[in-house]
Amino acid sequence: MPPVEEFEAHRPHLFAVAYRMLGSAAEAQDVVQEAWLRYSNAHEDVRDVRGWLTTVTGRLCLDVLKSARVSREAYPGQWLPELFVDPDGDPAGQAERRDQVGLALLVVLERLTPEQRVAVVLHDAFAMPYGEIALVLGSTEATARQHGSRGRRAVADGQVRHTTDQAEQRRVLAAFLEAVNGGDVRELAALLAPDVVSISDGGGWFNTARRPVVGADNVARFFLGIITGKRLGDDAVFTPALVNGMPGVYASGRYADGRPLRAALALTVSGGRITGMFQQLNPTKVLVSDLL
């Protein structure tokens with residue numbers, strides 16, 4: 001098989017690896033392209049193509065993660081990854097397949113060191129042995145295992161609860177949209193878990209909370225304030241969607257000041273209530289695509 005065809009067969013896998021490590025589609029695409037350049041020069045000596053490409057992609061991502069720390073710390077407000085939206089998708093249909101590498105996990109991974117993030121993603125999401133992860137990190141297998149263990153503990157401590165019950169997700173999303181349309185704070189708060197957390201990424205495009213909003217009543221008032229606070233135009237449309245494999249909403253139309261509206265909301269659900277609300281209001285980070 002020609003090297004370009006061989007590489008293209010693995011491109012979706014490499015993009016998935018890079019996106020889950022970096023939380024940025026643009027950065028992931030750049031990494032995959034660099035992996036191709038390296039493979040095109042070395043393909044004659046490569047026996048295990050998938051393994052070789054995954055290792056190279058992991059090393060490239062590690063370099064990006066280390067350099068991205070400064071820019072992430074300087075980001076205006078809260079940071080969320082770019083979100084992939086499928087407006088025509090079943091809001092729960094693919095959640096069971098993707099929940100372990102979905103948005104809620106990407107948010108928590110931001111708290112890890114670059115080495116911990118690489119180890120957790122490669123081992124837990126892609127079943128790479130620690131011996132191979134050590135090659136990516138340039139460390140011993142014992143050190144790679146330690147990075148994975150510490151990262152996994154941090155993930156367990158910080159990740160919001162999320163169910164894989166599709167029927168429950170459909171029901172909660174429908175009730176959420178009904179409560180929002182009704183504008184009733186108490187009705188919306190009743191759908192939220194007591195410890196629900198709301199994270200909003202405005203990216204400098206939209207003024208929003210600079211820190212996570214926590215608690216059912218606080219989150220309900222905050223969210224309805226955005227919806228009913230005369231910030232949105234009359235043509236704003238909210239469409240149930242699949243957002244990074246999670247139940248969510250895609251918002252389109254215009255803001256009241258005439259700016260284009262392109263936003264996404266993803267929900268985590270557990271025990272019949274919403275445990276997390278992730279709002280991407282930065283239009284440059286809302287991608288209508290099925291790449292994931």
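Residues numbered from 1 in each chain as written. Predicted model: local features only at pLDDT ≥ 70, side-chain atom pairs only at ≥ 80, totals over all residues. Heavy atoms only, no water.

> I tried to follow the packing of helix 7 (residues 130-137) against helix 8 (residues 141-158) on my own but got confused; where do I start?
For any two helices packed against each other, one specifies the crossing angle of their axes together with the interaxial distance. Packing of helix 7 against helix 8 leaves a shortest axis separation of 8 Å and a crossing angle of 95°. Taken together, helix 7 and helix 8 sit at an angle that is classed as roughly perpendicular. Contacts from Y130, G131, I133, A134 and L137 of helix 7 reach helix 8 at E141, A144, R145, H147, G148, S149 and R152. By residue class, the composition of the contact of helix 7 with helix 8 is 5 nonpolar, 4 polar and 3 charged. (Axes fitted to C-alpha atoms, helices over the stretch in contact; angles between N-to-C directions. Helix = DSSP H or I, 4+ residues; strand = E, 2+ residues; numbered from the N terminus. Parallel < 35°, antiparallel > 145°, perpendicular 65-115°, else oblique. Contact = heavy atoms within 4.5 Å. Nonpolar A, V, L, I, M, F, W, Y, C, P; charged D, E, K, R; others polar.)

> I'm lost on helix 9 (residues 166-182) in this one. Help?
Spanning 17 residues, helix 9 covers 24 Å between terminal C-alpha atoms, matching the ideal 24 Å at 1.5 Å per step. Among the residues making up helix 9, those that are buried are E168, Q169, V172, L173, F176, L177, A179 and V180. For helix 9, the buried positions fall inside an angular range of 165° around the axis, keeping them on one side. Those residues of helix 9 that are exposed and angled more than 90 degrees off the buried face are A167, E178, N181 and G182. Downstream of helix 9 by a residue or two, G183 has a phi angle that is positive, lying close to 70°. (Expected span 1.5 Å × (residues − 1). Buried < 20%, exposed > 50% of the residue type's maximum accessible area, 1.4 Å probe, protein only. Arc of directions from axis to C-beta.)

> So what exactly am I meant to see when it comes to the packing of aromatic side chains here?
A ring pair, where both rings are aromatic, is described by two values, the distance of the centres and the angle of the planes. By the definition in use, this model includes 8 aromatic pairs. Seen from their ring centres, F15 and F84 are 6.1 Å apart, and the 90° between their planes marks the pair as edge-to-face. Here F15, found in helix 1 (residues 3-22), pairs with F84, found in strand 1 (residues 83-86); they are 69 residues apart in sequence, far enough to count as distant. The pair F15 / F84 is uniform in exposure class, with both members buried. Looking at R259, its charged tip hangs above the ring of Y255, at a distance of 4.9 Å from the centre. (Phe/Tyr/Trp six-rings, centres within 6.5 Å; stacked < 30°, edge-to-face > 60°. Lys NZ or Arg CZ within 6 Å of the ring centre and 35° of its normal.)

> How do you make sense of the packing of helix 1 against helix 6 (residues 114-125) when you look at a structure like this?
It is at 10 Å that the axes of helix 1 and helix 6 come closest, and there the two elements cross at 140°. With respect to each other, helix 1 and helix 6 are oriented oblique. Viewed along their axes, helix 1 and helix 6 form a crossing whose handedness is right-handed. Of the residues in helix 6, those touching helix 1 at V17, R20, M21 and L22 are R117, V118, V121 and L122. Here the contact of helix 1 with helix 6 is built from residues that sort into 6 nonpolar, no polar and 2 charged. (Left-handed = near helix turned anticlockwise from the far one by under 90°.)

> Whenever I open this one, the sheet that holds strand 7 (residues 273-280) confuses me. Can you help?
Within a sheet, neighbouring strands are paired by backbone hydrogen bonds and run either parallel or antiparallel to one another. The sheet built from 8 strands is open, its strands ordered 3-2-7-6-5-4-1-8 with mixed pairing. Lying at the two open borders of the sheet, with one neighbouring strand each, are strand 3 (213-214) and strand 8 (286-288). Here 7 bridges tie strand 4 (residues 237-243) to strand 5 (residues 246-254), and the two strands are oriented antiparallel to one another. When the bridges of strand 5 are listed, V237 appears paired with S252. The sheet contacts of helix 9 involve strand 4, strand 5, strand 6 (260-270) and strand 7, and relative to strand 6 the element is tilted by about 130°. On the sheet, helix 11 (residues 216-228) packs against strand 2 (192-201), strand 3, strand 4, strand 6 and strand 7 and is oriented at approximately 40° with respect to strand 2. (Pairing = 2+ DSSP bridges.)

> What is the right way to read the pattern of salt bridges from this model?
A side chain of one charge can pair with a side chain of the opposite charge if their charged atoms are brought near each other. Under the defined criterion, the tally for this structure stands at 9 salt bridges. A salt bridge links R221 to D217; the shortest N-O distance between them is 3.0 Å. With R221 and D217 both in helix 11 and 4 residues apart, this pair spans about one turn of that helix. D217 gets classed as partly exposed once you look at its relative accessible area, which sits at 39%. (Salt bridge = Lys/Arg side-chain N within 4 Å of Asp/Glu carboxyl O.)

> Sorry, what's going on with the environment of L224 here?
Summarising the element assignment, L224 is placed in helix 11. Taking relative accessible area as the criterion, L224 reaches 4% and is therefore assigned buried. For L224 and V185, which are 39 residues apart along the polypeptide, the C-alpha to C-alpha distance reads 7.2 Å.

Note that all results are geometric; they support no functional claim without further evidence.
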